[in-house]
There are 2 protein chains.
Amino acid sequence: MPTYKLTYFPNKGLAEPIRFLFNYANIDFVDVRLKDDEWLQLKPSTLFGQIPILEVDGKKINQSTAICRYLAKQFGLTGKNDWENLEIDATVDTINDLRIMISTTHRETNPEVKAQKDKAAGIAIPFFMNRLDEQVSVNGGFFVGGKLTWVDIVFAALLDTLNFRAGFDIIEKKENLKKLVEFVFKQPNIKIWLLKRPRTDY
Amino acid sequence: MPTYKLTYFPNKGLAEPIRFLFNYANIDFVDVRLKDDEWLQLKPSTLFGQIPILEVDGKKINQSTAICRYLAKQFGLTGKNDWENLEIDATVDTINDLRIMISTTHRETNPEVKAQKDKAAGIAIPFFMNRLDEQVSVNGGFFVGGKLTWVDIVFAALLDTLNFRAGFDIIEKKENLKKLVEFVFKQPNIKIWLLKRPRTDY
């Protein structure tokens, strides 16, 4: 079994899907959480100035989605064939599009541009959420293939951060997505993680 | 052999990496290029209001990077093992980060915000390009594993669009990246595609 070390900020953010995957599979990992000054010290030595970074037996890699896909393969959380893996990858990238839209809107400091972005997000978020909810509805309660795969876990793990940055519960009245998130949260090892993980807003 | 149909705008953009992969592997595909009014008519019936869309024997899927990964698997352009595939995926997502930064800067209409974004991109683009050039240098002339994989083809195919939106040649003086792009461009089937593809600026 390789040794795993994950480095990120103290919050959930882009690292939480990785932490969920380790916990779901009951695999030990070192969960390094950097304060801002520690990150500024480390940053110049990183590959692309970005975290999360995962170390596998000392070998380092960045990019959270790529890391999740790799771990999903090791932990048996991929699709049943190439087409299902394509559907999983496409859904993860759609969720990433949604995440980028929500966080760039949240972070915008120019009041005029922020008003425009808020307006666009007010149309786009419900559109995305309706389509994602429908996708879960037609796939037997999961995003792809009628069984739990890593995209379900990624979505559930990102939800607190998405909601915090959007400023509202993005799955409110989305009954299929709500049930899916509940299903992930009640998996035995995830249940333990939700109780023991550090308290953060996002 | 499945039948493939690709739908996008008339330009290169997000579809060109997919077109490069089909051409490299010498696989026939229908290359549908929509005018703006045709797209507006089609848009409501698409999954997430986005193109490119690929149809494989009539089954539709969106998200360009997911599509490239799937085709790379079919055409033998993946890494030699799971770790190499992780490195390929991480590099593709780094290139996507670069692409998103370049295009959001290019598209910004508010003059004040545009000035800020131009300034940030003026630091970030050279940083990214230096790191990517170094990565190719230490990996025997390719992004990953000392041999041609789909991330090399994706980067070469995106370059015209990246350069057009950045407003300058982003690989100028990046000798390793230049050699890699030349290597992709001189592959026999890519050479033919470069001669026969429709002329567009980006």
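Residues numbered from 1 in each chain as written. Chains lettered and ligands numbered in written order. Predicted model: local features only at pLDDT ≥ 70, side-chain atom pairs only at ≥ 80, totals over all residues. Heavy atoms only, no water.

- Looking at an unreviewed UniProt entry, one finds chain A named glutathione transferase, with Ceratosolen solmsi marchali as its source organism.
- Looking at chain A in UniProt, the text filed under Catalytic activity (unreviewed entry) is "RX + glutathione = an S-substituted glutathione + a halide anion + H(+)".
- Its UniProt record gives chain A a comment under Sequence similarities (unreviewed entry), which states: "Belongs to the GST superfamily. Sigma family." (UniProt positions renumbered as here; feature names shortened; annotations may be inferred.)

Section: the environment of Q74 of chain B
Residues and elements named next belong to chain B.
Line of reasoning, step 1. Counting through the fold element by element, Q74 comes out in helix α3 (residues 64–74).
Line of reasoning, step 2. A relative accessible area of 34% places Q74 in the partly exposed class.
Line of reasoning, step 3. Sequence separation of Q74 and R33 is 41 residues, and the distance between their C-alpha atoms is 24 Å. (Helix = DSSP H or I, 4+ residues; strand = E, 2+ residues; numbered from the N terminus. Buried < 20%, exposed > 50% of the residue type's maximum accessible area, 1.4 Å probe, protein only.)

Considering the relation of the copies chain A and chain B
Each copy of the chain is related to the other by a rotation around an axis and a translation along that axis.
Line of reasoning, step 1. When chain A is brought onto chain B, the operation consists of a screw motion whose angular component is 180° and whose axial shift is 0.0 Å, with 0.0 Å RMSD remaining. In short, the pair behaves as if placed about a two-fold rotation axis. In terms of proximity to the rotation axis, the leading residue of chain A is V113 of chain A, whose C-alpha is 4.1 Å off the axis.
Line of reasoning, step 2. A high fraction, 100%, of the interface residues of chain A reappear at the interface in chain B, so the copies pair face to face through one surface. (Least-squares fit on C-alpha atoms with pLDDT ≥ 70 in both. Contact = heavy atoms within 4.5 Å.)

Some remarks on the side chain of D133 of chain B
Residues and elements named next belong to chain B.
Line of reasoning, step 1. Within the fold, D133 resides in helix α5 (residues 111–138).
Line of reasoning, step 2. No salt bridge is formed by the buried D133, whose closest oppositely charged neighbour, K174, lies at an N-O distance of 6.3 Å.
Line of reasoning, step 3. With residues up to four places along the chain from it excluded, the contact list for D133 reads K174, E175, N176 and L177. (Lys, Arg positive; Asp, Glu negative; His and termini not counted. Salt bridge = Lys/Arg side-chain N within 4 Å of Asp/Glu carboxyl O.)

Some points on the sheet that holds strand β3 (residues 53–56) of chain A
Residues and elements named next belong to chain A.
Line of reasoning, step 1. The strand order across the open sheet built from four strands is β2-β1-β3-β4, with neighbouring strands paired in mixed fashion. This sheet does not close on itself; its edge strands, each paired only once, are β2 (30–33) and β4 (59–62). Ignoring which end each strand starts from, the neighbouring axes of this sheet average 20° apart.
Line of reasoning, step 2. Where β3 meets β4, four bridges bridge the pair, whose relative direction is antiparallel. Bridging across to β4, E55 finds its partner in K60. (Pairing = 2+ DSSP bridges. Axes fitted to C-alpha atoms, helices over the stretch in contact; angles between N-to-C directions.)

Focus on the interface of chain A and chain B
Line of reasoning, step 1. Counting residues at the interface gives 39 residues for chain A and 39 residues for chain B.
Line of reasoning, step 2. Each partner contributes to the roughly 3,200 Å² buried at the junction of chain A and chain B, and carbon and sulfur atoms together form 58% of this total.
Line of reasoning, step 3. One can count four salt bridges joining chain A with chain B.
Line of reasoning, step 4. The residue D82 of chain B makes a salt bridge to K73 of chain A at a minimum N-O spacing of 2.6 Å.
Line of reasoning, step 5. On the surface where chain A and chain B come into contact, there are 16 residue pairs in polar contact (both at pLDDT 80 or more).
Line of reasoning, step 6. Elements with a minimum of two residues in the side of chain A that touches chain B: β4, α3 (64–74), α4 (82–107) and α5 (111–138) of chain A.
Line of reasoning, step 7. Looking at the side of chain A that touches chain B, the element that brings in the most residues is α4 of chain A, giving ten residues. (Buried area = accessible area lost by both parts, 1.4 Å probe. Polar contact = N/O pair within 3.5 Å; in protein donor to acceptor, adjacent residues only side chain to side chain.)

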